[in-house]
Each structure stands twice: as structure tokens, then as C-alpha cells.
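Listed here are the chains, written in short residue letters.
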Amino acid sequence: MNGPLVIMGVAGCGKSSLGAAVAAQLGWQLVEGDEFHPPSNVDKMRQGVALTDADRTGWLDALAAALEQRGSNTVLTCSALKKAYRDRLRQAVPALLFAHLTLTKEQARARVTQRASHYFNANLVDSQFADLESPVAETGVLTLDACESLAQLREHVCSWL
């Protein structure tokens with residue numbers, strides 16, 4: 001299989017770490033989805049206010065454009081919580097693949113709490129799980145246990161690709 005590939009999941013699941021590891025292993029470009037949030041979204045998350053579908057629309061459009069621009073050898077980190085969000089990205093790149101990192105709400109909260117330098121407020125973890133629509137029945141999705149080691153996760157993804 002070819003990319004591009006989206007590393008997806010709730011906050012704290014390890015999207016950025018796995019995305020960087022897979023991109024480095026394959027020699028692909030890494031697109032960090034958080035960098036595409038407008039300042040208004042970052043401010044809301046910093047204040048503990050959950051983003052709405054409307055808040056995410058421009059962000060998803062920017063990510064879709066970045067995927068189109070960069071081509072198949074790209075790894076994007078993006079929560080992609082709802083099917084509609086994934087479908088928006090698939091509109092731009094129909095062959096898009098997703099690696100879904102899963103963990104429990106408690107595990108996510110613990111991980112987010114430990115991230116001192118990130119703007120995402122740990123109080124938002126519940127809203128992430130409330131919004132999450134599992135991609136398990138969708139085509140082109142690999143589901144992974146986010147609690148495996150980074151090396152194991154990278155190997156699963158690279159072998160799958």
C-alpha cells in the first residue's frame with residue numbers, strides 16, 4: 001500500500017510520536033495536524049473549551065489541502081474523531097489510509113496531564129471520547145493499541161503499509 005497515512009485518535013494517544021517514527025522509518029514527510037489549528041481553536045482548547053464541528057471545518061480543509069499538495073509519501077497526525085472528518089480528508093485523497101491509536105479514557109487523561117508544554121487542556125479528554133466515532137468498519141484503517149511500545153507500533157504500521 002501507499003500513503004498518505006493519517007495517524008488518528010483522541011488526545012494523548014501518541015499520534016505525534018508515532019507519526020514522526022513512521023515518517024522517519026519510511027523517509028516520508030510528516031505533517032503535524034496541530035500546527036494547522038487557527039489561533040482561535042488553540043485559545044479554546046487552552047481554556048478547556050471543546051471544539052465544535054464548525055471550529056474544525058477550516059482546520060480540516062487546511063489539512064486536506066496539505067495532503068493534496070504533499071502527495072502519497074506523507075504522514076499526517078490528526079484526531080479525525082468523526083467519520084465526517086475522515087470523509088472530508090478522503091475527498092481530497094480517496095486512497096487515504098488511517099492508523100487508529102486506541103486507549104482508555106483514563107489512559108488518555110493521564111498522558112495529557114503529563115504533557116506540560118502542550119496547549120490541550122486535560123479537561124477536554126471526555127469531549128474527545130464523546131466525539132469519537134470508531135473507524136473499525138471503514139476500509140483502509142489499521143487499529144492499534146496505543147499502549148504498545150513506540151517501536152512495536154511503528155513496526156505494525158510499516159508492515160501494514
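This text goes with the structure placed above it.
The notes below deal with the structure included here.

Basis of the calculations
Residues numbered from 1 in each chain as written. Predicted model: local features only at pLDDT ≥ 70, side-chain atom pairs only at ≥ 80, totals over all residues. Heavy atoms only, no water. Pairing = 2+ DSSP bridges. Helix = DSSP H or I, 4+ residues; strand = E, 2+ residues; numbered from the N terminus. Axes fitted to C-alpha atoms, helices over the stretch in contact; angles between N-to-C directions. Contact = heavy atoms within 4.5 Å. Parallel < 35°, antiparallel > 145°, perpendicular 65-115°, else oblique. Left-handed = near helix turned anticlockwise from the far one by under 90°. Nonpolar A, V, L, I, M, F, W, Y, C, P; charged D, E, K, R; others polar. Buried < 20%, exposed > 50% of the residue type's maximum accessible area, 1.4 Å probe, protein only. Core = buried A, V, L, I, M, F, W, Y, C linked by side-chain atoms within 4.5 Å. Salt bridge = Lys/Arg side-chain N within 4 Å of Asp/Glu carboxyl O.

1. Brief notes about the sheet that holds strand β5 (residues 141-145)
Turning to step 1, where the next piece is worked out: Read from one edge to the other, the open sheet built from five strands follows the order β2-β3-β1-β4-β5, with strand pairing classed as parallel. Strands at the two margins of the open sheet, each flanked by one partner only, are β2 (29-32) and β5. Each strand of the sheet is rotated relative to its neighbour by a mean of 20°, with strand direction disregarded.
Turning to step 2, where the next piece is worked out: The pairing of strand β4 (residues 97-102) with β5 spans five bridges and is parallel. Across the sheet, H100 pairs through a bridge with T143, a residue of β5.
Turning to step 3, where the next piece is worked out: Docked against the sheet, helix α3 (residues 53-70) engages β2 and β3 (74-77), running at close to 170° with respect to β3.

2. Re the packing of α3 against helix α4 (residues 83-92)
Turning to step 1, where the next piece is worked out: Between α3 and α4, whose axes approach to 9 Å, the crossing angle comes to 30°. Comparing the axis directions of α3 and α4 gives the class roughly parallel. For the element pair α3 and α4, the recorded crossing hand is right-handed. Only Y85, R88, L89 and A92 of α4 make contact with α3, whose side of the interface consists of D53, R56, L60, D61, L63, A64, L67 and E68.
Turning to step 2, where the next piece is worked out: Broken down by class, the residue content of the contact of α3 with α4 amounts to seven nonpolar, no polar and five charged.

3. Observations concerning the side chain of R56
Turning to step 1, where the next piece is worked out: Note that R56 resides in helix α3.
Turning to step 2, where the next piece is worked out: Relative accessible area serves as the criterion here: at 5%, R56 is assigned to the buried category.
Turning to step 3, where the next piece is worked out: With residues up to four places along the chain from it excluded, the contact list for R56 reads L51, L81, Y85, Q128 and D131.

4. So, the nonpolar core
Turning to step 1, where the next piece is worked out: One finds L5, C78, L89 and V157 to be the most contacted residues of the largest nonpolar core, which totals 44 residues.
Turning to step 2, where the next piece is worked out: The greatest single-element share of this core, amounting to six residues, is contributed by α3.
Turning to step 3, where the next piece is worked out: In contact with L89, not counting residues within four places along its chain, are V6, L60, L63, A64, L67, L76, C78, L96 and F98.

5. A few points about the pattern of salt bridges
Turning to step 1, where the next piece is worked out: Enumeration over the complete set of coordinates arrives at 10 salt bridges.
Turning to step 2, where the next piece is worked out: In this structure, D61 engages R88 in a salt bridge whose closest nitrogen and oxygen atoms are separated by 2.8 Å. With D61 in helix α3 and R88 in helix α4, this pair connects stretches of sequence that are 27 residues apart.
Turning to step 3, where the next piece is worked out: Taking the shortest distance from any N to any O, the salt bridge between R90 and D87 comes out at 3.1 Å. Separated by three residues within a single helix, R90 and D87 lie in helix α4, roughly one turn from each other.
Turning to step 4, where the next piece is worked out: The structure contains a network of salt bridges with shared partners spanning K83, R86, D87, R90 and E138.

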